[in-house]
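# Structural description and commentary
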Protein chains: 2
Amino acid sequence: MSTTQDKTKRLLKLMENDDIRELMEEIKNYHPADIAEFVKFLLPDEKKFVFSLLDTATAADVIVELDEDTRQLILQKIQSNRITEIVDDLETDDAADIIDVLPDDIAQEVLEKIDEEDAEDIQRLMRYHEESAGGIMQAELVSVSKNANISTAIEEIRAMSGEMEDIHNVFVVDKDEKLVGVLPLRKLILASPKSKIFSIMDKDPISVTADLDQEEVARIFKKYDLVAMPVVDTHERLLGRITVDDIVDIIEEEATEDIIKLTGAVDDYAWSSSVFKNASTRLPWLFASWVGGIIASVIIGMFKDTLSEAVVLAAFMPVIAGMGGNVASQSSTIVVRGIAIGSIDVKKLWQVVSREVRVGILLGVTYGVLLGIFARIFYIDVFRLWIVVGFGIFASMTIAATMGTMMPIILAKLGIDPAVASGPFVSTTTDIISILMYFTLATIIIL
Amino acid sequence: MSTTQDKTKRLLKLMENDDIRELMEEIKNYHPADIAEFVKFLLPDEKKFVFSLLDTATAADVIVELDEDTRQLILQKIQSNRITEIVDDLETDDAADIIDVLPDDIAQEVLEKIDEEDAEDIQRLMRYHEESAGGIMQAELVSVSKNANISTAIEEIRAMSGEMEDIHNVFVVDKDEKLVGVLPLRKLILASPKSKIFSIMDKDPISVTADLDQEEVARIFKKYDLVAMPVVDTHERLLGRITVDDIVDIIEEEATEDIIKLTGAVDDYAWSSSVFKNASTRLPWLFASWVGGIIASVIIGMFKDTLSEAVVLAAFMPVIAGMGGNVASQSSTIVVRGIAIGSIDVKKLWQVVSREVRVGILLGVTYGVLLGIFARIFYIDVFRLWIVVGFGIFASMTIAATMGTMMPIILAKLGIDPAVASGPFVSTTTDIISILMYFTLATIIIL
């Protein structure tokens, strides 16, 4: 198989040479994900043009693979009846995503023109929170009564197979439409056509309710190694199914969110949004940090006399604050990520704190001695000063490790997302406390 | 379905009351992942005891779900012939993972006692790099000749179904064992038993070679929404298959690695390793940062005269360096993550740089003005000084955004992992340049 890059290059070459007939021939053999990759590289007008060459089924497959910006651009440029055709061809969860970003009047028009049952399903899906099980499930699934036999299940699969990309399981319901089992296709293939479903199904299927957060849903997929999972209402009636390909995207999305939140940078659309939008999403976090810096400067101002006495003290401020900041961000990253992926056992959190504090002390002693020696050799001939510097970095690093570990744990216990709040809070507080301790110590020892 | 926590609590209660018979009854109905969860909560001796109650098949299912520490503990405590039974029951990829952590003599003994063909497969898998496609694939798969018919494929599935947890596809090979197609079970179910495989299979299946890095494999799964993918040798002969449940773990693992690397914290085993090991993995990164801090202190030392002239300049150092550090880490995080998940187009990297620099200028102007005003109101009555402070923070933030964006890009172009090197390098360099500019400006304007 040739790589996506090769494929993209070949298509771009044809595009350049205006060889549209050959381009269309080539595209026919490509996976929708590869076509989407190619479209990403084109200019806006070219995107629209290439998209117009695709038949409806391919256009539908490609549009779900496009990034949000390109998708938006194309949706703005095509006629509403072509949008209707495309939406009609999509699975309900993807259709709901598309309709969600259309202007209200066009969304209304599309919903009126597509298959009535699909329209109802789509509107039902759109009522769930975007990041809940209901928001990521699709209405398409294969279900049979537990009293049916294998042949009936096969007929049901045949009936649905035009509407669904992939079928992994048949869901089994009782007479009240309650979910009672699941039948993997492998078992279905090996059973005799006359077998009753209930005699070969897996009982007690793992399912979730529609309101469950997508992060929790992903955790369940991961834990039980699932490929598709049924979503039920509070009476255990079948509502839809979630497939693992969406879970893969969610896990990556959630991890990225955590990373970005830890530095207070920006939201999901970081890579495509405008300079102004990007700057403004970063302002609040920076503002918190600015306020912290201002407080630090007021504190330093209070120690003006100590500083005038020994100006060299200022020279060590960056290394003391910097090392504290680094240790704090290491500790809080470890804890935030550990909580997120479940590798830190919530019951044993205080063990984690105790261990991190000891790590902080060990690091603090190491760098305290190192900095003391450096100060002694290169700078200061006053014994008291290098004690201040060495002890200053030790205190800063120990406090940083403690704060960095405890802050996310406390925030998590308070029900605040530790990823979003830990970053600014920890680094700012560590800065202020480090500087306060450093100058207090200096004042006591020097004056 | 009751939650895992409920299940764990119920089992712990039975354990406490020494009601072993009831405990064994309960465990029978539980998913291996739930049993593993329960075992995690026990004391070492209890872990060993509960594990000894499990029949071989359940023990095998449970051991793959355990965290590395618990698994290691249990493997040390059980007899080698029980290990043999368990390994014999595992799929080859899981078996290879277990044998990998056994002492050499026991590993040898186990390999000699299990099914010979399995032993060969396992040893073959163990030769691949742990983080390559070969290292994560399993030998178990269903393959048929393209000239076979559907009934043959079903017989093949029946023959393999005892050895494999789940079957999603039948792989199709030609007479030279080359992979030529893939047949999803859905298609197989709907076809007539007499149909020839080649007439209904999906041609041009997506596959990878055994040496491909697991991160790249995960990207292909994600891009093409795969559930299982064949691994081939350089002659396109079928070697094994990778399933999506392993990919889910890998995506989370890789994201965690990136996060941890960005702060230079620790490796995969952060949550279980000792204080000393934990501290020592963090030392090098902190040392780079310490050297940077020392350089900064030398620079500040050079500007001692300027500082003595206006001690208040020291008060603004933390806010200037801190804001620079924050902007730099935001910018580098965005770029590192964008490259990792592919949302930043490598061809358009310089557009990203240009945008981030403009963001930096915008943020720099905002905070420059803010800090200048603050300095004017609360502190300094000398016009020249608040110009220095305002311009200092502007310069620091602009440089930080530029450095933070360019550094990971340059590292990536040089083939160095940007996640691991960006953190320390960017923050240290930003610190030094900010301070140098701040004091140079101060010296020019004040003296």
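Keep in mind the model is a prediction, meaning the values are calculated, not measured. (Residues numbered from 1 in each chain as written. Chains lettered and ligands numbered in written order. Predicted model: local features only at pLDDT ≥ 70, side-chain atom pairs only at ≥ 80, totals over all residues. Heavy atoms only, no water.)

Right, let's get into the overall build of chain A. Along its length, chain A carries 23 helices and 7 strands. Here the C-alpha coordinates of chain A stretch approximately 90 × 60 × 45 Å along the principal axes. In chain A, buried positions account for 55% of the 447 residues. The long-range share in chain A, meaning contacts at least 24 apart out of those at least 6 apart in sequence, stands at 64%. Side-chain charges in chain A split into 41 positive and 72 negative, and the spacing between the mean points of these groups amounts to 7 Å. (Helix = DSSP H or I, 4+ residues; strand = E, 2+ residues; numbered from the N terminus. Buried < 20%, exposed > 50% of the residue type's maximum accessible area, 1.4 Å probe, protein only. Contact = heavy atoms within 4.5 Å. Lys, Arg positive; Asp, Glu negative; His and termini not counted. Charge placed at Lys NZ, Arg CZ, Asp CG, Glu CD.)

Evaluation of the coordinates by the stated rule reveals 12 aromatic pairs over all chains. Note on Phe391 of chain A and Phe394 of chain A: the rings are 5.6 Å apart at their centroids and 50° apart in plane angle, and the pair reads as tilted. On the criterion of helical spacing, the pair formed by Phe391 of chain A and Phe394 of chain A is a turn pair, its members being 3 residues apart in helix α22 (residues 383-413). The structure contains a cluster of three or more aromatic residues connected by ring pairs, namely Phe287 and Trp290 of chain A together with Tyr367 and Phe374 of chain B. When the ring centre of Tyr30 of chain A is taken as reference, the NZ or CZ atom of Lys7 of chain A above it lies at 5.6 Å. (Phe/Tyr/Trp six-rings, centres within 6.5 Å; stacked < 30°, edge-to-face > 60°. Lys NZ or Arg CZ within 6 Å of the ring centre and 35° of its normal.)

Another aspect to go through is the domain arrangement of chain A. Residues and elements named next belong to chain A. For chain A, the assigned domains read domain 1 (4-131), domain 2 (143-244) and domain 3 (275-446). Relative placement of domain 1 and domain 2: their C-alpha centres are 30 Å apart. Contact residues are listed per partner, giving 7 residues for domain 1 and 8 residues for domain 2. For the pair domain 1 and domain 2, the summed buried area comes to about 570 Å², and 32% of that belongs to carbon and sulfur atoms. Taken together, the connections running from domain 1 to domain 2 amount to 0 salt bridges. On the surface where domain 1 and domain 2 come into contact, there are 2 residue pairs in polar contact (both at pLDDT 80 or more). (Domains from an automatic or database assignment. Buried area = accessible area lost by both parts, 1.4 Å probe. Salt bridge = Lys/Arg side-chain N within 4 Å of Asp/Glu carboxyl O. Polar contact = N/O pair within 3.5 Å; in protein donor to acceptor, adjacent residues only side chain to side chain.)

Turning next to the sheet that holds strand β3 (residues 179-184) of chain B. All names here are of chain B. Read from one edge to the other, the open sheet built from 4 strands follows the order β1-β2-β3-β4, with strand pairing classed as mixed. Whereas interior strands pair on both sides, the edge strands pair on one side only; in this sheet they are β1 (143-145) and β4 (202-203). With 2 bridges connecting them, β3 and β4 associate as antiparallel partners. Within β4, the residue paired with Val182 across the bridge is Asp202. (Pairing = 2+ DSSP bridges.)

With that settled, the discussion passes to the side chain of His168 of chain A. Take His168 of chain A: it is sitting in the loop between α12 (150-160) and β2 (169-173). Not counting residues up to four positions away in its chain, the partners in contact with His168 of chain A are Pro184, Leu185, Val227, Ala228, Arg241 and Thr243 of chain A together with Val227 of chain B.

Attention now moves to the interface of chain A and chain B. At the interface, 108 residues of chain A touch 108 residues of chain B. Surface buried jointly by chain A and chain B totals about 10000 Å² across both partners, of which 67% is contributed by carbon and sulfur atoms. Linking chain A with chain B are 10 salt bridges, by the criterion used here. In this structure, Glu37 of chain B engages Lys223 of chain A in a salt bridge whose closest nitrogen and oxygen atoms are separated by 3.5 Å. There are 14 residue pairs in polar contact (both at pLDDT 80 or more) connecting chain A and chain B.

Residues and elements named next belong to chain B. Those residues of helix α5 (residues 56-63) not exposed but buried are Thr58, Ala59, Ala60, Val62 and Ile63. Against the buried residues of α5 lie α3 (32-40), α4 (44-53), α6 (68-77), α7 (80-89) and α8 (92-101). Residue Asp55 occupies the N-cap position of α5, its side-chain oxygen lying 3.2 Å from the main-chain nitrogen of Ala57.

In the superposition of chain A on chain B (RMSD 0.3 Å, axial shift 0.2 Å), the rotation amounts to 180°. Expressed as an axis order, the relation between the two copies is that of a two-fold axis. (Least-squares fit on C-alpha atoms with pLDDT ≥ 70 in both.)

With respect to the secondary-structure elements, Ile251 of chain A resides in helix α16 (residues 244-262). You can call Ile251 of chain A buried: its relative accessible area is 7%. For the pair Ile251 of chain A and Ser52 of chain A, spaced 199 residues apart in sequence, the C-alpha separation works out to 33 Å. Setting aside anything within four residues of it in sequence, one finds Ile251 of chain A in contact with Ala218 of chain A together with Val248, Ile251 and Glu252 of chain B.

With that settled, the discussion passes to a negative patch on the surface. Residues and elements named next belong to chain A. Negative charge collects at one region of the surface, where Asp55, Glu85, Asp88, Asp89, Asp115, Glu116, Glu117, Glu120 and Glu163 lie side by side. Listing elements by their share of the negative patch, those giving two or more residues are α7 (80-89) and α10 (116-126). Position of Asp55 relative to the elements: it lies in the loop between α4 (44-53) and α5 (56-63). (Patch = residues over 30% accessible without salt bridge, like charges linked within 9 Å, V, L, I, M, F, W, Y side chains within 5 Å. Areas by Shrake-Rupley, 256 points an atom, 1.4 Å probe, with all protein chains shown as cover.)

Residues and elements named next belong to chain A. Spatial strand order, β5-β6-β7: 3 strands in an open sheet with mixed pairing. Across the chains shown, the open sheet's two edge strands, defined by having one partner strand only, are β5 (208-209) and β7 (238-243). Relative to strand β6 (residues 228-232), β5 runs parallel, the two being bridged by 2 bridges. Note on β6: the bridge partner recorded for Thr209 is Val232. In this fold helix α15 (residues 214-224) packs onto β5, β6 and β7, with an angle of close to 135° to the strand it touches most, β6. (Axes fitted to C-alpha atoms, helices over the stretch in contact; angles between N-to-C directions.)

This part covers the layout of surface pockets. All names here are of chain B. Considering only enclosed or pocket space, the second largest pocket measures out at about 350 Å³ in volume. As for the second largest pocket, its lining consists of 17 residues, and the residues nearest its centre are Glu117, Asp121, Ala139, Glu140 and Met160. Those elements giving two or more residues to the lining of the second largest pocket turn out to be α10 (116-126) and β7 (238-243). For the lining of the second largest pocket, the element with the highest residue contribution is α10, accounting for 4 residues. Looking at side-chain class alone, the lining of the second largest pocket contains 5 nonpolar, 3 polar and 9 charged residues. (1 Å grid on protein atoms, 1.4 Å probe; cavity = no way out; pocket = protein on both sides within 12 Å on 5 of 7 lines; lining within 4 Å. Points joined across faces, edges and corners; volume = space filled by probe spheres on them. Nonpolar A, V, L, I, M, F, W, Y, C, P; charged D, E, K, R; others polar.)

Quick look at a nonpolar patch on the surface now. Residues Ile361, Val365, Val369, Ile373 and Ile377 of chain A make up a contiguous nonpolar surface patch of about 430 Å² in total accessible area. Turning to its location among the elements, Ile361 of chain A is positioned in helix α21 (residues 349-378).

Let us look at the environment of Lys7 of chain A. On the secondary structure map, Lys7 of chain A appears in helix α1 (residues 4-16). Taking C-alpha positions, Lys7 of chain A is 52 Å from Val353 of chain A, a pair spaced 346 residues apart along the chain.

Glancing now at the nonpolar core. With 122 residues, the main nonpolar core has Ile247 of chain A together with Ile247 of chain B as its most contacted residues. Those residues in contact with Ile247 of chain B that sit more than four places away from it in its chain are Ile136, Val217, Ala218, Phe221 and Ile242 of chain B. Within the second largest apolar cluster, 98 residues are counted, among which are Met397 of chain A together with Phe303, Ala400 and Leu411 of chain B. (Core = buried A, V, L, I, M, F, W, Y, C linked by side-chain atoms within 4.5 Å.)

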